[in-house]
4 protein chains.
Amino acid sequence: MSPLNGDQLQIIRDERKEQIMIAALQIFARRGYIGTKLSMIATKAGISQGLLYHYFKSKDELFILLIQQAIQESIDGMKSVYQLPGSPIEKLRALTRLDNEGQLYFMLIHHARTSDGIPEEAKQLIEQYSMDSYVVDILEPLFIEGQKANEFTQGDPRQLISTYFTVVSALMTLNIHEDEAYQMPEVNLLLRIVTGRP
Amino acid sequence: MSPLNGDQLQIIRDERKEQIMIAALQIFARRGYIGTKLSMIATKAGISQGLLYHYFKSKDELFILLIQQAIQESIDGMKSVYQLPGSPIEKLRALTRLDNEGQLYFMLIHHARTSDGIPEEAKQLIEQYSMDSYVVDILEPLFIEGQKANEFTQGDPRQLISTYFTVVSALMTLNIHEDEAYQMPEVNLLLRIVTGRP
Amino acid sequence: MSPLNGDQLQIIRDERKEQIMIAALQIFARRGYIGTKLSMIATKAGISQGLLYHYFKSKDELFILLIQQAIQESIDGMKSVYQLPGSPIEKLRALTRLDNEGQLYFMLIHHARTSDGIPEEAKQLIEQYSMDSYVVDILEPLFIEGQKANEFTQGDPRQLISTYFTVVSALMTLNIHEDEAYQMPEVNLLLRIVTGRP
Amino acid sequence: MSPLNGDQLQIIRDERKEQIMIAALQIFARRGYIGTKLSMIATKAGISQGLLYHYFKSKDELFILLIQQAIQESIDGMKSVYQLPGSPIEKLRALTRLDNEGQLYFMLIHHARTSDGIPEEAKQLIEQYSMDSYVVDILEPLFIEGQKANEFTQGDPRQLISTYFTVVSALMTLNIHEDEAYQMPEVNLLLRIVTGRP
DNA sequence: TATGAATGAGTGTTCATTCAT
DNA sequence: CATGAATGAACACTCATTCAT
C-alpha cells in the first residue's frame, strides 16, 4: 500500500527511534532505571507501549543503547573543549556549563554508576568507560597547558582532573532537579579546586 | 509465671528493630526506595518477610523512620564539629571524613531528595530539613570564625557553606560504592573551595 | 491504518467491562466483599487477573461501581411498578417476584449494609440510598392508593412499606442460595403483612 | 509447681474455653467467618493469639464448635416455648423477641447458611439441622394448637412455620446491626403472616 | 507499522498457625 | 499454661512483555 521505498522507510524508522530515545533519556536520567516505567516513555514519546517493542527488544536494550550514546556524547563533548575559545581556565569554565542534553547524559551515567539493579551489560559499559581511560586522557593536555600557563594549581594533573570531574558530575544530578535546597554552586567556587585561588 | 520479662522482651524487640533498620539503611541507601524490595531487607536482616510487619507498619513507615533518623544523626554530627580539636579548617577537615554509617545516612537523604516515587511524608521531612534552616545555621559560626582567622576565603559565609556541603554531600554517594573509577577526591582539594588556597 | 476502529474498540471494551461486572456481581453477592478474591472474578469472567486492572482501578472501584449500579437498578425497578398492570395488590405481588439479576443486586446491597470491611465510599452510597429517601418515597403513592381501595391495611403507609421492603429484602438473600432448608415463602403469605388478611 | 488438682484445672480450662467462645460468637456473628481475624477474638477474649491454640486446634474447629452450640441452643430455645405463659399467639410473640445471645446464634447460623467460604464441616452441620427435621417439628404442636384456637390462620402449619421462621431469622441479621435504614419491623406486623389478621 | 488488550511473574501486605521461652 | 515472636502461604496490585487485529 505504501509507495515509500526502503531508504525512506529506514529514515522514518531511525527518526522514530531517535524520538523514543530522547524521551527515554529524560525519564531514565531523572527517575533511574527501576523508577522508569515503559508506559512513561511511551507516553512522553507519543506512541503506544507496544510500538516500543518494534524498535527495541526490551527495556534493558533501550537502556543500554542510551548508556552507549551517553558515553559517546560525553567523550565527544570532552574532545570539543579544544575547539572552545579562550585560555585553559576559560575553556574549562565553558565545559562546566553543559547544555541540558549533556547534563542528562551525565545524570544517566551517574545514575547507572551509583545504583544497583541496572542491567549487567550497562554496568560493564560504564566500567569500561572509566575516567582514567577516557576523560582523564582527553583532558590531560588541557590541564598541563593550564599548569604551564600558571592558571591551574600544580600537582598531578590526572588527579586534579579526576577530582574536578567527579565533583561536577555529582553536581549535575542535583542541578537537574532544580532543587532549591541544594543550591547549584557558583562555577567559580568549583574552579577553585583546579586553580587553587579565590 | 509470664514466659518472658516485659523489659527483656522490649529489649529484644528494640534490638531486632535496630537490626532491621540497619539492614534497611544499607539497601535503601544504595538502591533507593523503589529499587529496594522488602525481601532484600528481610534476607539481609536474617528474618522472614512477614516479620517485618511486626516491627513496621509498612515499607513507607520503615523508610520514613530511617529518614528521620538520618536527619537527626546528620544534625547531631554537624553540631559535634565544635567539640573537635584544632582550628576551623581542621575541624572542617575532620567533619568531611564521616564514618561509614554517616555516609549511608547522607546517601539516603541524597537519594530521597533526587528521586521520584518517594513517600510523600519523607519528601516533606527532607524539605523541612533544608540546608538553610539547619546545616547552614549550625556551621555558620564555624565559618565566620574561619574567616576571621583568615583561614577561609572571604565572601558570604552562608553561600560558602551551602556550596561546600552540596559538594561533599554529592560525593558521599560515590564514595560508598567504592567505585574505583570515581576516585574519592582528596579532602584537601575540596577544602580549596572554602580556603581559596592551594 | 489504525488497527481497530475507535468505536469498535470502545464497544469491545464496554462488553468486556460488562462481562466482568456480571461475573463480579455473582461472586460479591454470594461471598461478600472480603470473601471475594479477584482470582475468582477473573476465572469466572474467563480472563487473567491482571486484565481486571485494565478495566477497573481496584477491587474497591469495581465493588463501588456495582453498588451504584445496584442502587440505580433497584430504584428503576421500584419506579416501574406503576407500569405494571392490575390493582395495587397485584402490582406489589409482581414487584416481589424479582428476576435473578434483581435478586443479586438486592443481595449485594444487603451484604454491603450488614458487613464490616466494606470500602468507605460504598458504605456512604448505601447510606444515602436509605429506604426513607428512595424506596419509601417511590412506593408511597402505591400504598396510599391500596389503602384507599381498601386492599391494604390501614396505618402509616411509610412504616408499612419499610417493614414489607425489609422483609422481602432480607429474604432475597436466602432465595438466591436455592437453599432447600430456608424455603422461600409464598408471596401471598408475605403480602399478609400489607393486606392484613389471610 | 501448681498445687491445683486435676479437676480444678479442668474447670479453669472449661471456663477459659467458654470465655473464648463467647468472644468468638460475637465477632463471627457480626463479621462472618472470613471477616473474622483470630487476633480480634483473642483481643476481645483478653488473651494472646497463641493461647487460642491451646484450646482450639484451628479457626475452623472454633467455628464448627460454635455452630454446634448455636444449633443446640436454638433447638433448646424452640422447645422452651411451651414453658412460656399465655396463648399460642402470645407464646410465639415472646419467642420472636429473643435475647441478645439467642440473636447472635441466629445470625451465626444465618451467616453460615448464606455465605460461601466457610468450613465444609460447618456447612454439613447446618444442612443436617434443616428446618424440617428440627424447628418445624418442634413448633408444629404450637401452631396446630393456635389454629384450633382460631388464633392462627388455617392452611399447612408446617409451611406457615417455615415461612415465619425464615422471615424472623433473616431479620435478626439486620437487627443486630442496629441499622437505622432497615427498621426492625413491629413484631405485630410480622405476626400477621401467621394470624392473617391486622 | 501501529494499537491497546492480554498475560504472568513479582511486589507489598495480611493472617492463620507454630514455636521458643 | 501463657506469651508474642516468627513463619509462609495467600492476596491485591503492578508492569514488562506478547499478541491479535
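Structure first, text after, so check above.
From a predicted model like this one, the values you see are computed outputs, not experimental measurements.

Novice: If you had to explain the pattern of salt bridges to someone new, which residues and values would you point to?
Specialist: This structure, assessed with the given rule, holds 14 salt bridges over all chains. D:Arg158 is the partner of D:Glu140 in a salt bridge, and the nearest nitrogen-oxygen pair spans 2.8 Å. Of this pair, D:Glu140 sits in helix H8 (residues 132-148) while D:Arg158 sits in helix H9 (residues 157-176); the two residues are 18 residues apart in sequence, bridging distant segments of the chain. For D:Glu140, a relative accessible area of 21% translates into the label partly exposed. Several salt bridges converge on common partners, so that one network encompasses A:Asp137, A:Glu140 and A:Arg158.

Novice: Mind laying out the packing of aromatic side chains, listing which residues take part and the relevant values?
Specialist: All told, the structure shown has 24 aromatic pairs over all chains when counted by the stated rule. With a centroid separation of 5.7 Å and 55° between ring planes, the pair formed by B:Phe106 and B:Phe165 is classed as tilted. Taken together, the residues B:Phe106 in helix H6 (residues 100-114) and B:Phe165 in helix H9 (residues 157-175) connect sequence positions 59 residues apart. Each member of the pair, B:Phe106 as well as B:Phe165, carries the same accessibility label: buried. On the basis of an interplanar angle of 35° and a centroid distance of 5.6 Å, the ring pair of B:Tyr129 and B:Tyr134 is categorised as tilted. Classification of B:Tyr129 as buried rests on a relative accessible area of 4%. Using a relative accessible area of 33% as the deciding quantity, one classes B:Tyr134 as partly exposed. Members of the aromatic cluster, joined through ring pairs, are A:Phe28, A:Tyr33 and A:Phe63.

Novice: Please set out helix H10 (residues 187-195) of chain A residue by residue, giving values where relevant.
Specialist: Within H10(A), eight of the nine residues are buried, which leaves the element mostly enclosed by the surrounding structure. Of the residues making up H10(A), those classed as buried are A:Val187, A:Leu189, A:Leu190, A:Leu191, A:Arg192, A:Ile193, A:Val194 and A:Thr195.

Novice: How would you sum up the protein's contact with DNA strand E? Please name residues and give values.
Specialist: Near DNA strand E, the surroundings consist of 33 residues, among which A:Tyr55, B:Tyr53, B:Lys59, C:Tyr55 and D:Lys37 are the closest. In this structure, a phosphate oxygen belonging to DNA strand E sits 3.2 Å away from a main-chain N or O atom of B:Thr36. In this structure, B:Leu38 approaches DNA strand E through a main-chain N or O atom, which is 2.9 Å from a phosphate oxygen. Counting residues per element, the ones that place at least two in the surface near DNA strand E are helix H3 (49-55) of chain A, helix H3 (49-55) of chain B, helix H1 (6-35) and helix H3 (49-55) of chain C together with helix H3 (49-55) of chain D. When its residues are assigned to classes, the surface near DNA strand E shows 13 nonpolar, 13 polar and seven charged.

Novice: Could you give an account of the protein's contact with DNA strand F, with specific residues and numbers?
Specialist: Taken together, 34 residues sit near DNA strand F, with A:Lys37, B:Tyr55, C:Tyr53, D:Arg13 and D:Tyr55 positioned nearest. For DNA strand F, the backbone portion of the atoms within 4 Å of the protein, that is sugar and phosphate, comes to 71%. Note that a phosphate oxygen of DNA strand F is positioned 2.8 Å from one of the backbone N or O atoms of B:Ser48. Take C:Leu38: an N or O atom from its main chain is 3.0 Å from a phosphate oxygen of DNA strand F. Those elements that provide at least two residues to the surface near DNA strand F are H3 of chain A, helix H1 (6-35) and H3 of chain B, H3 of chain C together with helix H1 (6-35) and H3 of chain D. Residues belonging to the surface near DNA strand F are distributed by class as follows: 13 nonpolar, 13 polar and eight charged.

Novice: Got a sec to walk through the environment of D:Lys59? Specific residues and values, please.
Specialist: Residue and element names in this part refer to chain D. Take lysine 59: it is sitting in helix H4 (residues 59-79). For the pair lysine 59 and alanine 24, spaced 35 residues apart in sequence, the C-alpha to C-alpha distance is 9.9 Å. Look past the residues within four positions of lysine 59 in its chain and what remains in contact with it is Phe28, Tyr33, Ile34, Thr36 and Leu38.

Criteria and thresholds
- The numbering scheme is per chain: residues are counted from 1 as the chain's sequence reads.
- Each chain gets a letter, beginning with A, and each ligand a number, beginning with 1, in the order they are written.
- Since the coordinates come from a predicted model, pLDDT governs what is reported: local features require at least 70, and pairs of side-chain atoms require 80 or more to be given and counted, while whole-chain, interface and lining totals use all residues.
- With hydrogens and water excluded, all non-hydrogen atoms of the structure serve as input to the side-chain values.
- We define a salt bridge as a contact between a side-chain nitrogen of Lys or Arg and a carboxyl oxygen of Asp or Glu at a distance within 4 Å.
- Helix numbering and strand numbering both begin at the N terminus, where a helix is a DSSP run of H or I of at least 4 residues and a strand a DSSP run of E of at least 2.
- Exposure classes here rest on a 1.4 Å probe applied to the protein chains alone. A residue is buried below 20% of its type maximum, exposed above 50%, and partly exposed in between.
- Stacked, edge-to-face and tilted are the three classes for Phe, Tyr and Trp ring pairs, Trp counted by its six-membered ring, which pair at centre distances within 6.5 Å; planes under 30 degrees apart are stacked, over 60 edge-to-face, the rest tilted.
- Nearness is judged by heavy atoms alone; a residue qualifies as near a molecule or strand once a single heavy atom is within 4 Å of it.
- Here a polar contact is recorded for every N or O atom pair within 3.5 Å, except that within protein the pair must consist of a potential hydrogen donor and a potential acceptor, and residues adjacent in sequence are included only if both atoms are side-chain atoms.
- Classes in brief: Ala, Val, Leu, Ile, Met, Phe, Trp, Tyr, Cys and Pro nonpolar; Asp, Glu, Lys and Arg charged; the others, Gly included, polar.
- Any two residues whose heavy atoms approach within 4.5 Å at even a single point are treated as in contact.

No statement about biological role is implied by the geometric values presented.
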